[in-house]
Amino acid sequence: VGALPGNAAVVTARDEAVEQLKLLGLPTRHVEAWHYTDLRTLLRQIPAGGDLGMSVFGPLVNGSTLLRLLEGEAQTVKVPEGVTVTALSSKLEDGTFARALTLRGEDDAIGAINTAFVTNGFHVAIAPDTVLDAPVEVQNIAAAESHTRLAFNVGKCVKATIIDRQLGGDAFVSAITHVMLGECAEVVWVIDQERSEGAVHLAQFNCEMARDSKLTL
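This structure is a prediction, so every number in the text was calculated from the model and none was measured.

A. Molecular detail of unusual backbone geometry. Located in the positive-phi region is E71, a residue other than glycine, with phi close to 50 degrees. Judged by relative accessible area, E71 falls into the partly exposed class, the value being 35%. Here the phi dihedral of D129 falls at roughly 70 degrees; this positive angle occurs in a residue that is not glycine. Counting through the fold element by element, D129 comes out in the loop between β4 (120-126) and β5 (136-142). Overall, the relative accessible area of 47% leaves D129 in the partly exposed class.

Right, dumping it as structure tokens:
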């Protein structure tokens, strides 16, 4: 865990997540929050992963701004005016993302796994009153084990469509999303899951909404 990106505060958060997993183990269906999912059985065997080869994934919607995570490495293109994109690894290194790694409770197994091993992702800020004519598409492409986060800080009165695509083969993946919507912001969020049948994909979506904001998921 110590070799992963992060300052002292992030390392502390990682250590606490690992200790919680050691102490409590993975939840069974006897835990109310996991009544319909047997995570312990699901993770009994972790996929070995594979090779994506020369796979290329174009955008779902032509003209979209593409933010690509390829095996945890952040790749960006030119982004529209009003949008700022930062690789999450830098936020881990300087500790500005440490607070977001706080677990949601003793039953937050996905949060604990991801906090312990997260390597990268994107932090996206959309300035107030920005109207995006085309979607922003985030592609998380992984054929091997991958632990990533997305953080979107959406200003007031923003109008945007975000496409979250999970792509790849038989991989063990955890992916957590944080969205903060400012007043009157309107966001359409599309999740497209295209991993193979043998993959294990753990996901969590968190959203804080200000007054009169709207999220269509």
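There's more to say after this.
B. Here's a closer look at the sheet that holds strand β3 (residues 83-87). Strand order in the open sheet formed by 5 strands is β3-β4-β6-β8-β10, and the pairing between neighbours is mixed. In this open sheet, the two edge strands, each paired with only one partner strand, are β3 and β10 (200-209). Mean inter-strand twist for the sheet, computed between neighbouring axes without regard to direction, equals 10 degrees. Note: strand β8 (residues 172-181) against β10, 10 bridges, orientation parallel. The residue bridging V173 from the neighbouring strand is H201, located in β10.

C. Up close: the environment of M209. The residue M209 is located in strand β10 in this model. Since its relative accessible area comes to 46%, M209 is described here as partly exposed. Along the chain, M209 and T86 lie 123 residues apart, while their C-alpha atoms are 22 Å from each other. What M209 contacts, discounting residues up to four positions off in sequence, is L181, K214 and L215.

D. Here's a closer look at the confidence of the model for the chain. Scored by pLDDT, the chain comes out at a mean of 93, with 96% of its residues at no less than 70. Mean pLDDT in the chain bottoms out at helix α2 (residues 39-42), which sits at 85, and peaks at strand β11 (residues 214-216), which reaches 98.

E. Focus on the packing of aromatic side chains. Taken as a whole and assessed by the stated rule, the structure comprises 2 aromatic pairs. Arranged with centres 5.1 Å apart and planes meeting at 85 degrees, the rings of F152 and W189 form a pair that is edge-to-face. With F152 in strand β6 (residues 146-154) and W189 in strand β9 (residues 186-195), this pair connects stretches of sequence that are 37 residues apart. Take F152 and W189: they sit in the same class, and that class is buried. Look at W189 and F205: their rings are 5.5 Å apart centre to centre, the planes differ by 70 degrees, and that puts the pair in the edge-to-face class.

F. Helix α1 (residues 8-24), seen in detail. Taking 1.5 Å of rise per residue, 17 residues should cover 24 Å, and α1 covers 24 Å from first to last C-alpha, within 8% of that figure. Looking at α1, one finds that the buried residues are V10, A13, R14, A17, V18 and Q20. The buried residues of α1 occupy an angular sector of 155 degrees when the element is viewed end-on, so they sit on one face. Facing away from the buried side of α1 by over 90 degrees, the exposed positions are A8, E16, K22 and L23. Elements that come into contact with the buried residues of α1 comprise α3 (88-93) and α4 (109-117). Positive backbone phi, approximately 70 degrees, marks G25, located one or two places after α1.

G. Spatial organisation of the sheet that holds β5. The 6 strands are arranged β2-β1-β5-β7-β9-β11 in an open sheet whose pairing can be described as mixed. Pairing within the sheet leaves two strands with one partner each, and these edge strands are β2 (73-76) and β11. In this sheet, neighbouring strand axes are inclined to one another by 15 degrees on average, regardless of whether the strands run parallel or antiparallel. Bridge count for strand β7 (residues 159-168) against β9 is 10 bridges, and the pairing is parallel. In the sheet register, A160 faces β9, and the bridge partner there is V187.

Here is what the cut-offs are and how they apply
Residues numbered from 1 in each chain as written. Predicted model: local features only at pLDDT ≥ 70, side-chain atom pairs only at ≥ 80, totals over all residues. Heavy atoms only, no water. Buried < 20%, exposed > 50% of the residue type's maximum accessible area, 1.4 Å probe, protein only. Helix = DSSP H or I, 4+ residues; strand = E, 2+ residues; numbered from the N terminus. Pairing = 2+ DSSP bridges. Axes fitted to C-alpha atoms, helices over the stretch in contact; angles between N-to-C directions. Contact = heavy atoms within 4.5 Å. pLDDT = per-residue confidence, 0-100. Phe/Tyr/Trp six-rings, centres within 6.5 Å; stacked < 30°, edge-to-face > 60°. Expected span 1.5 Å × (residues − 1). Arc of directions from axis to C-beta.

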